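The primary structure of each chain is shown beneath.
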Number of protein chains: 2
Amino acid sequence: MTITRTPYLIAIALLCALAMTTTIAHAADSLPSWNDAAAKKSIVDFVAKVTKESGPDFVPPAERIATFDNDGTLWCEQPLFVQFYFTMDRVKALSPQHPEWKTKEPFASFLKGDLDGVLAGGLSGLLEGAMATHAGMTTEEFAKIVNDWITTAKHPKTGKLFTEMVYQPMLEVLAYLRANGFKTYIFSGGGIEFMRPWAERVYGIPPEQVIGSSIKTKFELRDGKAVLVRLPEMNFIDDKDGKPIAINQHIGRRPIAAFGNSTGDQPMLEYTQGGSGARFMLLIHHDDAEREYVYGAESKLAPFTDALMAKAQQNGWTVVSMKQDWKTIFPFKSK
Amino acid sequence: MTITRTPYLIAIALLCALAMTTTIAHAADSLPSWNDAAAKKSIVDFVAKVTKESGPDFVPPAERIATFDNDGTLWCEQPLFVQFYFTMDRVKALSPQHPEWKTKEPFASFLKGDLDGVLAGGLSGLLEGAMATHAGMTTEEFAKIVNDWITTAKHPKTGKLFTEMVYQPMLEVLAYLRANGFKTYIFSGGGIEFMRPWAERVYGIPPEQVIGSSIKTKFELRDGKAVLVRLPEMNFIDDKDGKPIAINQHIGRRPIAAFGNSTGDQPMLEYTQGGSGARFMLLIHHDDAEREYVYGAESKLAPFTDALMAKAQQNGWTVVSMKQDWKTIFPFKSK
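Residues numbered from 1 in each chain as written. Chains lettered and ligands numbered in written order. Predicted model: local features only at pLDDT ≥ 70, side-chain atom pairs only at ≥ 80, totals over all residues. Heavy atoms only, no water.

Asks: Tell me about the side chain of Ser33(B), and name the residues and values.
Replies: Residues and elements named next belong to chain B. Mapped onto the elements, serine 33 comes out in the loop between helix 1 (6-27) and helix 2 (38-51). When its relative accessible area of 7% is taken as the criterion, serine 33 is described as buried. Separated by 2.5 Å, the side chains of serine 33 and glutamate 172 make a polar contact. The residues touching serine 33, leaving out its near neighbours within four places in the chain, are Gln168, Pro169, Glu172, Asp325, Trp326, Lys327 and Thr328. (Helix = DSSP H or I, 4+ residues; strand = E, 2+ residues; numbered from the N terminus. Buried < 20%, exposed > 50% of the residue type's maximum accessible area, 1.4 Å probe, protein only. Polar contact = N/O pair within 3.5 Å; in protein donor to acceptor, adjacent residues only side chain to side chain. Contact = heavy atoms within 4.5 Å.)

Here it is as structure tokens:
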């Protein structure tokens, strides 16, 4: 070791020490928004088990993969998926170039702000609206449109930014897992390029770990510059069976932990459980009418059926009651 | 700081210091198999530029993405892609269950070991052989088949394991980039699940950073266990325009450096160059008949055309002459 190198080494060593002290301090309670009940304990016990080097359930850091659904798992999906509101605003913005939309569904309903009308035909209304408004530009132009929208768009009931309508207890789970060497991924039925522009800022999850449904793109040289142009054609729907298929395609390993809230997430949880060694599966049950929403089997978009509840109990999956398990729902001060 | 924590902190600090010393030691010459000429200098200059924090070309670590073609860029693709030999051996292994293959192309040629015969109809012969032999099992069963094969399969000319037929100078580039905070990815026309089982061991690239062509998979519960079954149907061809499309899908950011060796890689290099800030594009020219192979515009599988060379010169891409630029080609002792 030379003399000139020493101060740098000491600085590095101190930084390392500081980082470690911080981790230890947090370990006291990494999940402060969770009530001290079974759900919280199941998370903490699992993390302790897979990170204990001398233990029988130890998992090396590279294999500590945790996958999360987005809508209803990390942020609020009621009264409708956020992407509905984005699509509505895009339809409105583009309507001057499409006079025919005034009388053509699902566009007429979008223009009237009648999202229940759009949903009347199921998700196809949303898909048709998305095809007509999420395509025709480069991927970089689309990212800018999303970014501009998400920084100002607000929830219709609370008036909070959609990016504030995220679940504080789940932000704590994301941070807690990462502090314990996990790599956190999103696998959502929502659009991959609708989530990537803001997921790192809001969830701390970088673009390459955000996967969702996608439309096709086309490679082009425009004025000598290579771009990808978004086409009005579905590429992949990252929901139900699509989730484990996308997990294999994007990660190439089974997750050891998976978090969801509806039947759309069931195959992802089953796939996670299907690997060997310790596994953790969690479902969030929306049962808090006062602080969020109550919905279950009857939900059109994200049903939590009796069969799913039975499956969870039979397989030892953790079921979170938002009402019982969460001290706080959102990061802002709520009633 | 408590007394019990101190020894641990000192150990961490020492480990950090050791890691740093190692990095500094390597920096002396991280590319020892490269001759001191323009190609090597272009790599080192680029890395110095984007990692200099106070410099105008600094790139934060999260955006230091480098993408590599595999066949002909990281390992030898002559006389044929390695996956041809794998497919041939799979056809041979499965032929007892397929008596009709003896007289049916491309299988008859595979069984005779006549790979030029397979190639007579272009890549479709390889694809047909792959569909018939790479599907019908779970993804985990297929990974085991690949692993078993790759640990013993040898190059027909040198008698070396295929995994030894990797380019030592490129292994050094991979390690050098990673030591400088880059994330290294493979984007190959070859099968994604053909590369993932061994890419980490051979190249230090984990499965989630290995992307290739893929077939479709189907989610199933088998005896209550969730699996993905491989289907005999193409999902995506990760070649030519497919490379930038897959890069956007899997990473969601433009690479700042890209490495290839044929027209199949041109769109990936163009896409890399199309971003703002410092960029690095490199093509390997196979011009060393004595130590490897000579092939260019006439190559059926991986042409390096005059137009590609002109494009490289016009755009300031680095062109590596294997003969002039590389002291050593393979990690083993060669003539």
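Asks: For helix 10 (residues 242-250) of chain A, give the residues involved together with the corresponding values.
Replies: Burial analysis of helix 10 of chain A places nine of its nine residues in the buried class, which makes it a mostly covered element. Following helix 10 of chain A by one or two positions, Gly252(A) has its phi on the positive side, about 75°.

Asks: Mind laying out the packing of aromatic side chains, listing which residues take part and the relevant values?
Replies: Residue and element names in this part refer to chain A. Per the counting criterion, the structure on display carries 38 aromatic pairs over all chains. An angle of 40° between the planes, with centres 5.1 Å apart, marks the rings of phenylalanine 86 and phenylalanine 194 as tilted. Of this pair, phenylalanine 86 sits in helix 3 (residues 82-94) while phenylalanine 194 sits in helix 9 (residues 192-203), and the two are 108 residues apart along the sequence. By relative accessible area, which is 0% here, phenylalanine 86 ends up buried. Pairwise contacts between aromatic rings join Trp75, Tyr85, Phe86, Phe142, Trp149, Phe162, Phe194, Trp198 and Tyr203 into one cluster. (Phe/Tyr/Trp six-rings, centres within 6.5 Å; stacked < 30°, edge-to-face > 60°.)

Asks: Tell me about the packing of helix 7 (residues 139-150) of chain A against helix 9 of chain A, and name the residues and values.
Replies: Helix packing for two helices is described by the angle between their axes and how far apart those axes are. Residue and element names in this part refer to chain A. Interaxial distance between helix 7 and helix 9 falls to 8 Å at its minimum, and their mutual angle equals 60°. Taken together, the axes of helix 7 and helix 9 lie oblique to each other. Here helix 7 and helix 9 pass one another in a crossing that is right-handed. Along its contact with helix 7, which presents Thr139, Phe142, Ala143, Val146, Asn147, Trp149 and Ile150, the element helix 9 presents Glu193, Phe194, Pro197, Trp198 and Arg201. Partitioning the contact of helix 7 with helix 9 into residue classes produces eight nonpolar, two polar and two charged. (Axes fitted to C-alpha atoms, helices over the stretch in contact; angles between N-to-C directions. Parallel < 35°, antiparallel > 145°, perpendicular 65-115°, else oblique. Left-handed = near helix turned anticlockwise from the far one by under 90°. Nonpolar A, V, L, I, M, F, W, Y, C, P; charged D, E, K, R; others polar.)

Asks: So what about the environment of Met281(B)? Which residues, and what values?
Replies: Checked against the element boundaries, Met281(B) lands in strand 6 (residues 280-285). In this structure, Met281(B) is in contact with Ala258(B), Leu269(B), Thr272(B), Gln273(B), Trp317(B) and Thr318(B), ignoring residues within four places of it in sequence.

Asks: How would you explain the sheet that holds strand 3 (residues 210-222) of chain A if you had to name every residue and give the values?
Replies: Taken together, seven strands build an open sheet; the order of strands is 4-3-2-1-5-6-7 (chain A) and the sheet is mixed. Looking along the sheet, the strands with just one partner apiece sit at the ends: strand 4 (225-236) and strand 7 (318-321) of chain A. When the angles between neighbouring strand axes are averaged without regard to direction, this sheet yields 30°. Here strand 1 (residues 65-68) of chain A runs beside strand 5 (residues 257-260) of chain A; their pairing, made up of three bridges, is parallel. Along strand 5 of chain A, the bridge assignment pairs Ala66(A) with Ala257(A). Contacts between helix 9 of chain A and the sheet are confined to strand 2 (183-191), strand 3 and strand 4 of chain A, with strand 3 of chain A contributing the most and set at about 115° to the helix. Running at roughly 95° to strand 3 of chain A, helix 11 (residues 266-273) of chain B makes contact with strand 3 and strand 4 of chain A of the sheet. (Pairing = 2+ DSSP bridges.)

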